[in-house]
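Breakdown of the fold
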Amino acid sequence: MVRPEAPGKDTKRQRHAHAFPPILHVELTNECNLECPMCARTTSMTRPVQHMDADLFRRIVDDVAGRGVQKLWLHHFGESLLHPQAYDLITYAARKRDLGLVALSTNATTLNEANARKLIKTRLHHLILSVDAHSDDVYKVVRGFDFERVLNNVRGFLALHKEMESKMSVALLFINMGIKRHELEAFKEAWAPYETKRVKVVIKKMTNYGGVIDTAQFTGGQSDTEVYDRSRRRSCPKLWDSLTVQSNGQVVACGYDVNGTMPYGNAGDMTLLEAWNGGAIDDLRERHVALNFDGLPLCDGCDKTFKKRRSAPDDDLI
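How each quantity is defined
- Residues numbered from 1 in each chain as written.
- Predicted model: local features only at pLDDT ≥ 70, side-chain atom pairs only at ≥ 80, totals over all residues.
- Heavy atoms only, no water.
- Disulfide = S-S within 2.5 Å.
- Buried < 20%, exposed > 50% of the residue type's maximum accessible area, 1.4 Å probe, protein only.
- pLDDT = per-residue confidence, 0-100.
- Contact = heavy atoms within 4.5 Å.
- Helix = DSSP H or I, 4+ residues; strand = E, 2+ residues; numbered from the N terminus.
- Arc of directions from axis to C-beta.
- Core = buried A, V, L, I, M, F, W, Y, C linked by side-chain atoms within 4.5 Å.
- 1 Å grid on protein atoms, 1.4 Å probe; cavity = no way out; pocket = protein on both sides within 12 Å on 5 of 7 lines; lining within 4 Å.
- Points joined across faces, edges and corners; volume = space filled by probe spheres on them.
- Nonpolar A, V, L, I, M, F, W, Y, C, P; charged D, E, K, R; others polar.
- Salt bridge = Lys/Arg side-chain N within 4 Å of Asp/Glu carboxyl O.
- Phe/Tyr/Trp six-rings, centres within 6.5 Å; stacked < 30°, edge-to-face > 60°.

Here we take up the state of the cysteines. As enumerated under the stated definition, the model contains zero disulfides in all. The closest cysteine sulfur to the non-disulfide-bonded Cys254 is located on Cys302, 6.1 Å from its own sulfur. Between Cys299, a free cysteine, and Cys254, which holds the nearest cysteine sulfur, the sulfur-to-sulfur gap is 6.6 Å. The buried category is assigned to Cys299, whose relative accessible area is 7%.

Below is the structure:
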């Protein structure tokens, strides 16, 4: 006999908080030159736009080196390459000893030949290029920029990547939304000639960013974009494996907290280890284990606090 899941508590038998988060997001800037309709930055961000102080960034990198970080993502809600010292800061992190994989996602709008060379020379470990469409018409809807320019930038980058024999792994990203699903196979076919052991096409489903994005408006009438079972709650795994530092230094609960509504403190005043072991995160973990999301609107409406449907693929990338 299978015992039914008990209501009112997390159905996962245990959670384990690492001695230090294996996944860390550091937001170089929350400035962006696009207004993508499926991004929480476009729909919901109210905090001031600013670049992270370079000295603070270096202190954070120095602080986390040697603590077991497996992935350091250098983006959050912004186009990181718009930071005036972006390439120097990326270099600092990518060449740091005792630090895991250093990665970045970019919309490629500024990645002309000169910038592509600079980025490859940083020795960044992993790069996500958000191509995200196959036609100009669709790209204008989801990104609102010059598609041909982005294509030229991406193709130019890949040519330099090959010419310079870069060891950087590269993902050519397509977010699978109903309004452009008809382009998916054509996208794969178009970029297949560029794939190597280090360059791969990656397909990712969209997220609702803590409930602030209505994913239904992008499904195109195809419900298979909804991979979560709304009748089955869970605690968010991100509370036990990741931290996010926003461009103003504020340490927040998760990568979906666009306005820093659930802060643990500020990296300018405390170490990330102190934030990771602090009372604020412990209280939040306890509430999640009890499945008590009252007063936590970001968590209550978030996809991550629902279990995936049993038929849903595990496609979390970022």
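Alright, that's what it looks like, and here's the rest.
Looking at the protein chain as a whole, the pLDDT averages 86, with 86% of positions reaching at least 70. Contacts of residues 1-7 to residues separated by more than four positions or lying in other chains number four contacts, the stretch itself having pLDDT below 50. Predicted confidence for residues 314-318 stays below pLDDT 50, and this span has 16 contacts to residues more than four positions away or in other chains.

What helix α7 (residues 184-191) keeps buried is the set Leu184, Phe187 and Trp191. For α7, the angular spread of buried residues about the axis comes to 60°, placing them on one side. Seen from the open side of α7, the exposed residues pointing more than 90 degrees away from its buried face are Glu185 and Glu189. Looking at the buried positions of α7, the neighbouring elements they touch are α6 (147-163), β5 (169-176) and β6 (199-205).

This part is about the nonpolar core. In terms of nonpolar packing, the biggest core is built from 91 residues, with Leu74, Leu119, Phe157, Leu172 and Leu272 touching the most fellow members. A total of seven residues in this core trace back to one element, the largest contributor, which is α6. Beyond its immediate chain neighbours, meaning those up to four positions away, Leu119 contacts Leu81, Tyr87, Ile90, Leu104, Leu111, Leu124, Leu127, Phe157 and Met168.

For the coordinates displayed, the defined rule picks out three cavities of 30 Å³ or more. Computed from the structure, the second largest cavity encloses a volume of approximately 90 Å³. Lining of the second largest cavity is provided by 14 residues; of these, Cys236, Cys254, Met262, His288 and Cys299 occupy positions nearest its centre. When residues of the lining of the second largest cavity are traced back to their parent elements, those giving at least two are α9 (279-289) and α10 (297-300). Its residues assigned to classes, the lining of the second largest cavity comprises 10 nonpolar, two polar and two charged.

Okay, the pattern of salt bridges next. Under the criterion given, the structure shown has 11 salt bridges. For Lys96, the salt bridge goes to Asp62, with nearest N and O atoms at 2.7 Å. Taken together, the positions of Lys96 in the loop between α3 (86-94) and β3 (101-106) and Asp62 in helix α2 (residues 54-64) put the pair 34 residues apart, joining distant regions of the chain. For Lys96, a relative accessible area of 27% puts it in the partly exposed group. Arg117 is the partner of Glu113 in a salt bridge, and the nearest nitrogen-oxygen pair spans 3.6 Å. Of the two residues, Glu113 and Arg117 both sit in helix α4 (residues 113-121), four residues apart, roughly one turn of that helix. Here the residues in one salt-bridge network are Glu113, Arg117 and Glu163, joined through shared partners.

For any two aromatic rings, the description comes down to two numbers: the centre-to-centre distance and the angle of the planes. Inspection of the entire model under this criterion finds four aromatic pairs. Pairing Phe174 with Phe187 gives two aromatic rings, centres 4.9 Å apart and planes at 50°, and the pair type is tilted. Remark: Phe187 occurs in helix α7 and Phe174 occurs in strand β5; sequence separation between them is 13 residues. Note on accessibility: Phe174 and Phe187 belong to one class, buried. Here the aromatic rings of Phe187 and Trp191 are separated by 6.4 Å at their centres, their planes lie at 50°, and the arrangement is tilted.

By the burial criterion, the buried members of α9 are Ile281, Leu284, Arg285 and His288. In a view along the axis of α9, the buried residues occupy a sector of 100°, so they form one face of it. Looking at the buried residues of α9, the elements they touch are β8 (242-245), β10 (263-266), α8 (272-276) and α10. Directly beyond the C-terminal end of α9, a positive phi value near 55° is found at Leu291.

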